[in-house]
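Coordinate inspection notes
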Amino acid sequence: MFSGTTMMVPLRPCNGVSQYLSKSPMVHTKRQTTVRNIYMKAQTQAVPSRTQRIMESISVGGEVGGAGGAYSYSALKRLDKIWSSICSAETVQQEPQQVVSDFPGVFSHSALAEKAVHKFDVVVCGGTLGIFIATALSVKGLKVSVVERNLLKGREQEWNISRKELMELVEAGILNENDIEEATAVSFNPNRCGFENKGEIWVEDILNLGISPVKLIEIVKKRFLALDGVIFEGCSVSGISIYDDAAVLQLAEGNILSSRLIIDAMGNFSPVVKQIRGGRKPDGVCLVVGSCAHGFKDNSTSDVIYSSSSVKKVGSAEVQYFWEAFPAGSGPLDRTTYMFTYVNPQPDSPKLEELLEDYWDLMPKYQGVSIDNLEILRVIYGIFPTYCESSIFTHQACQLDRLDSPLPAAFNRVLQFGDASGIQSPVSFGGFGSLTRHLGRLSNGIYEAINGDFLDSYSLSLLNPYMPNLSASWLFQRAMSAKKQTNVSPEFINELLDINFKSMQRLGDPVLRPFLQDVIQFGPLAKTLGLVMLTKPQILPSIFKQVDIPVLFDWSGHFFMLGYYTFLSSFMDPVIRSWLNAFPSKMKYEWKRRLEAWKYGSGLDYRL
């Protein structure tokens, strides 16, 4: 393209190959700089990151299903690639795969009916959390199968939970108290909350058990098989066909499973959920990185939530880091530390590997140890997307678009469960605690839906209803998310959390303990907000700047509905419940689900 004399500019060998570039004198300086930048970038990429060096030095086993079930560097890169696609500037990257299809008529008249078919009452897709609902339904006498793309086994990393929450599994009939003792790898007390040197709050029996998922899922799996349950391991979902009388699951391996109901327990990235949401971006994401390491001498207490710094920059983004830390069950010197942050998915959002690079610097300071004295046993990472309703006043419209959280049923005979349903709190990561809370309610409701043949999408949506306490939690995620280009102090988030937690502590256990276990209730929330405004009214302008007026307006609608559901559950529930047995079966089913929505949506299911 350019005329004039050509120069040959030698470069040093790159990967053993000497390279030359043709240059024109008119553009020599500009293009030479570009070449140098490309070369330097290549050299930088050729040097493994600290995260890569650490992760590739650790021997890891095979991947298992569920969040945190993979520990390898290649799995981290795969997840970062998914995260980058979510953060892309485009709302929809590509048309989601159409996994679920509707077909008129009955299954017996279809072409699939001529093939070998396994028949069940319920098929659960996704075994890590799905095995719990599958076992609960088997206990009730239903014929159930579980489909899991990997081996059905728990991850090595423990789940942290309280004994009170585990007792929900005992009440659901899938565990006994001896099982809890067997699955408990470690217990510890007390548990700390604190924010950037502003004082500490210590509590007892909050997330104070480390439960071995390997042992727990093994126990539940044995119980499920003893109840004549069937497990298809190493099998992937290829498609779901909905007929008037059946939901038929086709596996990539060729098996065909016919059932009355399919439960989607495939987690946040379920292909069915992707189809329902149509490629919609999450409204917020919790990014989590961490490790389990050996070498902690002071290892008898835990951190439920802790912050050791104010807002900081990661690349061009700003983040507020929080921490959790727990003794691990693998040994008295082993400790798990998580670093997490809340972000809105944007093109400049940090990647998990970038967070891990920060983690290696910050974790030793946070824990008061030298990383050189630690043996990293495994590296942990995950992304937890959450969705909210844009406004309480458009709730019905949201239901029609199937964009809520919890996610209403979009198809007849298909129901989302666990993380796939979006029923976990926006400020938590991982859905095991949410599962224990809702398992009894959901197993009873699903059993009644199958017995009464109430398997249309409307009837199933009543099992994943609008819950104002879940929607009200959104204010906390927004308040804990760092924002660019605001004149809010970098210390504001820690100041806000500190005054809130100290107010809840002053108000006592009936206020503080439900909140620490992701349960929002109207009375405790109103008391806390009132005390914060009385104690530190000067913080209000910064709150408006941090969370924005439209978000506060939407939240006020959910807060009103939280109070309304509290009134309905407290005063109307006893009146309606006394008439339930006189209702026709379909009306009885629907009203029982409404009563449950009022109770769980107001947090009144929580018991101290």
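Residues numbered from 1 in each chain as written. Predicted model: local features only at pLDDT ≥ 70, side-chain atom pairs only at ≥ 80, totals over all residues. Heavy atoms only, no water.

A look at the sheet that holds strand 8 (residues 191-195)
The line we're drawing: Strand pairing follows a simple DSSP-based rule, namely that at least 2 bridges must link the two strands. The helix count covers DSSP runs of H or I at least four residues long, the strand count covers runs of E at least two residues long, and both are numbered beginning at the N terminus. Only the stretch in contact is used when a helix axis is fitted, and all axes are lines through C-alpha atoms; the angle between N-to-C directions ranges over 0 to 180 degrees. Two residues qualify as a contact provided that any one of their heavy atoms is within 4.5 Å of a heavy atom in the partner residue.
Pairing is mixed in the open sheet, where seven strands are placed in the order 9-8-16-19-20-15-21. Among the strands making up the open sheet, the edge pair consists of strand 9 (200-203) and strand 21 (375-386). For this sheet, the mean angle separating the axes of adjacent strands, direction not counted, is 15 degrees. Strands strand 15 (284-294), strand 20 (334-343) and strand 21 of the sheet are contacted by helix 3 (residues 73-87), whose axis makes an angle of about 20 degrees with strand 21.

Comments concerning the nonpolar core
Put simply, the test is: To define a nonpolar core, start from buried Ala, Val, Leu, Ile, Met, Phe, Trp, Tyr and Cys residues and group those joined through side-chain atoms within 4.5 Å. Between buried and exposed lies partly exposed: a residue is buried under 20% and exposed over 50% of the maximum accessible area for its type, with that area taken using a 1.4 Å probe on protein chains only.
Counting 49 residues, the largest nonpolar core has Phe132 and Phe432 as the members making the most contacts within it. Tallying contributions element by element places helix 11 (residues 432-452) first for this core, with seven residues. Sequence-distant contacts of Phe432, that is, excluding residues within four places in its chain, are made with Leu129, Phe132, Trp159, Ile161, Leu166, Leu169 and Leu216. Of all hydrophobic cores here, the second largest spans 47 residues; its members include Val304, Leu475, Ala479 and Phe501.

Concerning unusual backbone geometry
The peptide bond linking Asn189 to Pro190 adopts the cis configuration, its omega dihedral lying at -5 degrees. With respect to the secondary-structure elements, Pro190 resides in the loop between strand 7 (184-187) and strand 8. With a phi angle near 45 degrees, Glu196 is a residue other than glycine that sits in the positive phi range. For Glu196, a relative accessible area of 19% gives the class buried. Of note, Arg413 is a non-glycine position whose phi angle comes to about 65 degrees, a positive value. Relative to the assigned elements, Arg413 resides in the loop between helix 10 (395-401) and strand 22 (414-416).

Remarks on the packing of aromatic side chains
Put simply, the rule reads: Pairing of aromatic rings covers Phe, Tyr and Trp, the last through its six-membered ring, and needs centres within 6.5 Å; plane angles under 30 degrees mean stacked, over 60 mean edge-to-face, and all others mean tilted.
Per the counting criterion, the structure on display carries 24 aromatic pairs. For the pair Phe326 and Tyr338, a centre-to-centre distance of 6.5 Å together with 70 degrees between the ring planes defines the contact as edge-to-face. Placement of Phe326 in strand 19 (residues 322-327) and of Tyr338 in strand 20 is noted, with a sequence separation of twelve residues between them. Using a relative accessible area of 1% as the deciding quantity, one classes Phe326 as buried.

Here's the deal with the packing of helix 3 against helix 9 (residues 352-367)
Using the following cut-off: Note on angle classes: values under 35 degrees are labelled roughly parallel, values over 145 roughly antiparallel, values of 65 to 115 roughly perpendicular, and the remainder oblique. Residues are grouped as follows: Ala, Val, Leu, Ile, Met, Phe, Trp, Tyr, Cys and Pro are nonpolar; Asp, Glu, Lys and Arg are charged; all remaining types, including Gly, are polar.
Here helix 3 crosses helix 9 at 125 degrees, and the two axes come no closer than 9 Å. As judged from the angle between their axes, helix 3 and helix 9 are oblique. Contacts from Tyr73, Leu76, Lys77, Leu79 and Asp80 of helix 3 reach helix 9 at Leu352, Glu353 and Leu356. Here the residues of the contact of helix 3 with helix 9 sort into five nonpolar, no polar and three charged.

Here we look at the sheet that holds strand 7
One open sheet accounts for three strands, arranged 6-10-7; its pairing is antiparallel. The open sheet is flanked by strand 6 (159-161) and strand 7, the only strands paired with a single partner. Across the sheet, the axes of successive neighbouring strands diverge by a mean angle of 30 degrees, strand direction being ignored. Where strand 6 meets strand 10 (residues 209-211), three bridges bridge the pair, whose relative direction is antiparallel. In the sheet register, Ile161 faces strand 10, and the bridge partner there is Leu209.

Some details on the pattern of salt bridges
Pairs can form between side chains of opposite charge whenever their charged atoms are close. Applicable threshold: The term salt bridge refers to a pairing of a side-chain nitrogen on Lys or Arg with a carboxyl oxygen on Asp or Glu at a separation within 4 Å.
Counted by the stated rule, this structure contains 23 salt bridges. The salt bridge partner of Glu353 is Lys77, with a shortest N-O separation of 3.0 Å. Of the two residues, Glu353 sits in helix 9 while Lys77 sits in helix 3, which places them 276 residues apart along the sequence. Judged by relative accessible area, which is 11%, Glu353 ranks as buried. Between Glu590 and Arg594 there is a salt bridge whose closest N-O contact spans 4.0 Å.

Overview of the side chain of Asp80
As a reminder of what qualifies: Note that His is not counted, nor are the chain ends; the positive residues are Lys and Arg, and the negative ones are Asp and Glu. We define a polar contact as two N or O atoms separated by no more than 3.5 Å, with the added condition that, inside protein, one atom must be a possible hydrogen donor and the other a possible acceptor, whereas residues neighbouring each other in sequence contribute only through side-chain atom pairs.
Structurally, Asp80 is set in helix 3. The buried charged residue Asp80 lacks any salt bridge partner; its closest oppositely charged side chain belongs to Lys77, at an N-O distance of 5.4 Å. A distance of 3.1 Å separates a polar side-chain atom of Asp80 from the backbone nitrogen of Glu353. In this structure, Asp80 is in contact with Lys351, Leu352 and Glu353, ignoring residues within four places of it in sequence.

Brief notes about the environment of Lys222
Relative to the elements of secondary structure, Lys222 occurs in helix 7 (residues 213-226). You can call Lys222 exposed: its relative accessible area is 54%.

Section: the confidence of the model for the protein
Let me state the cut-off plainly: A score between 0 and 100, pLDDT records how confident the predictor is in each residue.
Of the residues in the protein, 87% reach a pLDDT of 70 or more, and the chain-wide mean stands at 87. Every residue in residues 1-36 is under pLDDT 50, and counting partners more than four places away or in other chains gives 38 contacts. Long-range and interchain partners of residues 391-403, a stretch whose pLDDT sits below 50, account for 26 contacts in this model, where long-range means more than four residues apart.

Notes on helix 9
Condition: By this rule, a helix spans an expected 1.5 Å times one less than how many residues it contains. Given a residue, its bend is the angle between the two axes fitted to the seven residues that end at it and to the seven that start from it.
A rise of 1.5 Å per residue sets the reference length of helix 9, with its 16 residues, at 22 Å; its end C-alpha atoms lie 21 Å apart and thus fit the reference within 8%. Along helix 9, the sharpest change in direction is near 35 degrees and occurs at Tyr359. Listing the buried residues of helix 9 in full gives Leu352, Glu353, Leu355, Leu356, Asp358, Tyr359, Trp360, Met363, Pro364, Tyr366 and Gln367. Note on helix 9: the residue one or two positions beyond its end, Gly368, has a positive phi of about 70 degrees.

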